[in-house]
Amino acid sequence: MANLESLKSALAEIKDLQYISAIIGWDQETYMPPLGAKERGEQLGTLAGLIHERITSPKFAQLLEQAEKEVQGMDPDSTEARLIKVTRREFERLIKVPARYYQELSETSAVAYSAWKEARQQDNFKKFQPFLAKIIDLRREYADYFRPYEHIYDPLLDEFEPGMKTKEVQAIFDELRPQQVELIRQIGARPQVDDSALHQYYDEQKQWDFGVEVITKFGYDWQRGRQDKTAHPFTTSFGLNDVRITTRILPDYIGSALFSTMHECGHALYELGFDPALARTPLADGASLAIHESQSRLWENLVGRSLPFWEYFYPHLQAVFPAQLGNVSLETFYKGINKVEPSLIRIEADEATYNLHIMLRLEIEIALISGELDVRDLPDLWNSKMEEYLGVVPPNNSMGVLQDVHWSHGSIGYFATYALGNLISAQWWEAINKDIPNLDNQIRKGEFQELLGWLREKIHHHGAKYEGKELVQRVTGSGISPKPYIQYIRQKYGQIYGL
Ligand code: MG
């Protein structure tokens, strides 16, 4: 297996460069002084160039080809065969697109981003419109490099959710949407829950300490990770034994730090659970963005917003904040953290309405990319879909179609993975509860080892060996389905809102 070994050495160096890039990216978000930004951007650019050059070099192509010959006849599920398959996939993705394209996209995005910022500030969609049109053209061009495709959106989706087809996502969302819209409508007809207790002054250090207590119980290993503060929470890996998270603390709302800490911890536990044999290979990665999000959402929502969880942790939280929560019952607190309220802004949306924001974006992206929708007509379509799905209409474009930064960055194709992650988290949960029938009781006692052990064995261990939908099939025996999620939200919110 001399050729495979040579390829692995080349891949290990590429992975090292990617980790180094992640380290300086993490520093940029956490501790870098503001004026370091320009040079840091150049350093990140240099590393990205080096990585691209290495993977697209004739030498690498030759190594890959020789290693492919060597693994022929091996078990297609073996780590070696899968490593070659994933490497081929990523190689093709890079080699098919000319370097000039990426140059043009990054230059266009830079001006589109400034235009978007100005357009949003001034509530003037027209200012962003020509730049967005240019970005849509470029993304269509990207899809063209991957002809033949079944759907022009497929190559864009495939970047984030390998193997998943537009048609499949549409079928899943078509089943989900009417049921979720109906549930939100029913909830809206009921008396609203009171979450005012969450919106009080909460000492920042005490919030931080409580979050640390929770994720330590989850099993986050502080010898292999750390937490820092950033404006937007994220998780980043510098290797199998250095997976870091960040959080954001708001002094007047306890929900922000609490749930973002659990969410990022879920991402980190995934990366900390990869099989050590996958180290310094492309398989030391999540299976897909949807699978990654299924891990963060599982800890944040299925665990962290559940009643058994708070039966254990609420007395602790009350002891930390006696003035704020001493007289607030567990039931009131639990309902407060699960309040459902259709709102305009995606990133502030609750667990039950979030998917609708995503479905709206996916439908719009597909319509734009396939040419069915002209950019000029975008604000009207956005507003009518908001009314149809959530029953609210943005008073202006800044709070509507201009709210997300993503399109200005040229990122089109990954919104769907957020909603798929929610659905998959409920599929895992159903499977876990079959395998661990007394899970609720364990959570009620603050015990998470068996849950984490299950996730490690069935999901984390494999890293990127399997594609997302393939992993779901292997573990649950079914494809990606909205059914367990629909059942979960119906039951949970039915109880909270007395439906
Ligand atoms: Mg996430």
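Conventions used here
- All residue numbers here refer to positions counted from 1 along the written sequence of the relevant chain.
- Whole-chain, interface and lining totals are the exception, using all residues; otherwise, since this is a predicted model, local features are given only for residues with pLDDT of at least 70 and side-chain atom pairs are given and counted only at 80 or more.
- Heavy atoms from the whole structure form the basis of all side-chain values; hydrogens and water molecules are not counted.
- Donor atoms: N, O and S within 2.8 Å of the metal, or within 3.2 Å for Na, K and Ca. Because water is excluded, sites can look incomplete.
- By the criteria applied, helices consist of DSSP H or I runs no shorter than four residues and strands consist of E runs no shorter than two, each listed in order from the N terminus.
- Buried means the residue's accessible area, taken with a 1.4 Å probe over protein chains only, is under 20% of the maximum for its type, while exposed means over 50%, and partly exposed covers the values in between.
- Ring geometry is summarised as follows: Phe, Tyr and Trp rings, the Trp one being its six-membered ring, pair when their centres sit within 6.5 Å, and such pairs are stacked at plane angles under 30 degrees, edge-to-face over 60 and tilted between the two.
- Expected span of a helix, by definition, is 1.5 Å for each gap between consecutive residues, and there is one gap fewer than residues.
- When we speak of the arc, we mean the arc of directions from the helix axis to the C-beta atoms.
- Whether two residues touch is decided by their heavy atoms; if any such pair falls within 4.5 Å, the residues are in contact.
- DSSP bridges decide pairing: two strands pair if at least two such bridges lie between them.
- The angle between two axes is taken between their N-to-C directions and runs from 0 to 180 degrees, where each axis is a line fitted to C-alpha atoms and a helix contributes only its stretch in contact.
- A 3.5 Å cut-off defines polar contacts: any pair of N or O atoms within that distance qualifies, except that in protein one atom must be a possible hydrogen donor and the other a possible acceptor, and neighbouring residues in sequence count only when both atoms are side-chain atoms.
- The term nonpolar core refers to a set of buried residues drawn from Ala, Val, Leu, Ile, Met, Phe, Trp, Tyr and Cys, joined through side-chain atoms within 4.5 Å.
- Segmentation into domains, and thus their bounds, comes from an automatic or database assignment.

Trainee: Can you lay out the coordination of the magnesium ion for me, pointing to particular residues and giving the numbers?
Mentor: Note on the magnesium ion: its protein donors are His263 (NE2), His267 (NE2) and Glu293 (OE). The metal-donor distances range over 2.3 to 2.4 Å. Each donor residue of the magnesium ion belongs to the same chain, and together they define the spacing H-x3-H-x25-E. Of this pair, His267 sits in helix 10 (residues 255-272) while Glu293 sits in helix 11 (residues 289-303), and the two are 26 residues apart along the sequence. Using a relative accessible area of 11% as the deciding quantity, one classes His267 as buried.

Trainee: Give a description of the packing of aromatic side chains that names residues and reports values.
Mentor: This structure, assessed with the given rule, holds 30 aromatic pairs. Residues Tyr101 and Tyr142 carry aromatic rings whose centres are separated by 5.9 Å and whose planes lie at 40 degrees to one another, so their mutual orientation is tilted. Separated by 41 residues along the polypeptide, Tyr101 in helix 5 (residues 99-122) and Tyr142 in helix 6 (residues 125-144) bring together distant segments of the chain. One exposure class covers both Tyr101 and Tyr142, and it is buried. Between Tyr270 and Phe274, the aromatic rings sit 5.5 Å apart at their centres with planes inclined by 70 degrees, giving edge-to-face as the arrangement. For Tyr270, a relative accessible area of 0% gives the class buried.

Trainee: Could you give an account of helix 16 (residues 378-390), naming the residues involved and the relevant values?
Mentor: Along its 13 residues, helix 16 runs 18 Å from first to last C-alpha, staying within 8% of the 18 Å computed at 1.5 Å per residue. Those residues of helix 16 lying buried are Leu378, Pro379, Trp382, Asn383, Lys385, Met386, Tyr389 and Leu390. Buried residues of helix 16 fall within an arc of 165 degrees about the axis and therefore sit on the same side. Among the exposed residues of helix 16, those pointing more than 90 degrees away from its buried face are Asp380 and Glu388. Packed against the buried residues of helix 16 are helix 6, helix 8 (166-188) and helix 15 (354-369).

Trainee: For the sheet that holds strand 2 (residues 235-237), give the residues involved together with the corresponding values.
Mentor: With respect to topology, three strands assemble into an open sheet ordered 1-3-2, the strand pairing being mixed. A single partner strand is all that each edge strand has here, and the edge strands are strand 1 (227-229) and strand 2. Strand-to-strand twist across the sheet, computed as the mean angle between neighbouring axes with direction ignored, equals 25 degrees. Note: strand 1 against strand 3 (residues 243-247), three bridges, orientation parallel.

Trainee: Break down the environment of Glu168 for me, citing the residues and quoting the values.
Mentor: By secondary structure assignment, the location of Glu168 is in helix 8. Between the C-alpha atoms of Glu168 and His406, which are 238 residues apart in sequence, the distance is 23 Å. Apart from residues no more than four positions distant in its own chain, Glu168 is found in contact with Gly163 and Lys469. In this structure the side chain of Glu168 is engaged in a polar contact, spanning 2.7 Å, whose partner is the backbone nitrogen of Lys165.

Trainee: Report on the nonpolar core, specifying residues and quantitative values.
Mentor: One recurring pattern in soluble globular proteins: nonpolar side chains tend to sit buried together. Ranked by size, the top nonpolar core spans 153 residues in total, and within it Phe173, Phe218, Trp299, Phe309, Trp310 and Ile432 carry the most contacts. At twelve residues, helix 17 (residues 415-435) tops the list of elements feeding residues into this core. Split by domain, the residues of this core number at least three in each of domain 1 (2-148) and domain 2 (166-497). Look past the residues within four positions of Phe309 in its chain and what remains in contact with it is Val214, Phe218, Met262, Val303, Gly304, Ile443 and Phe448.

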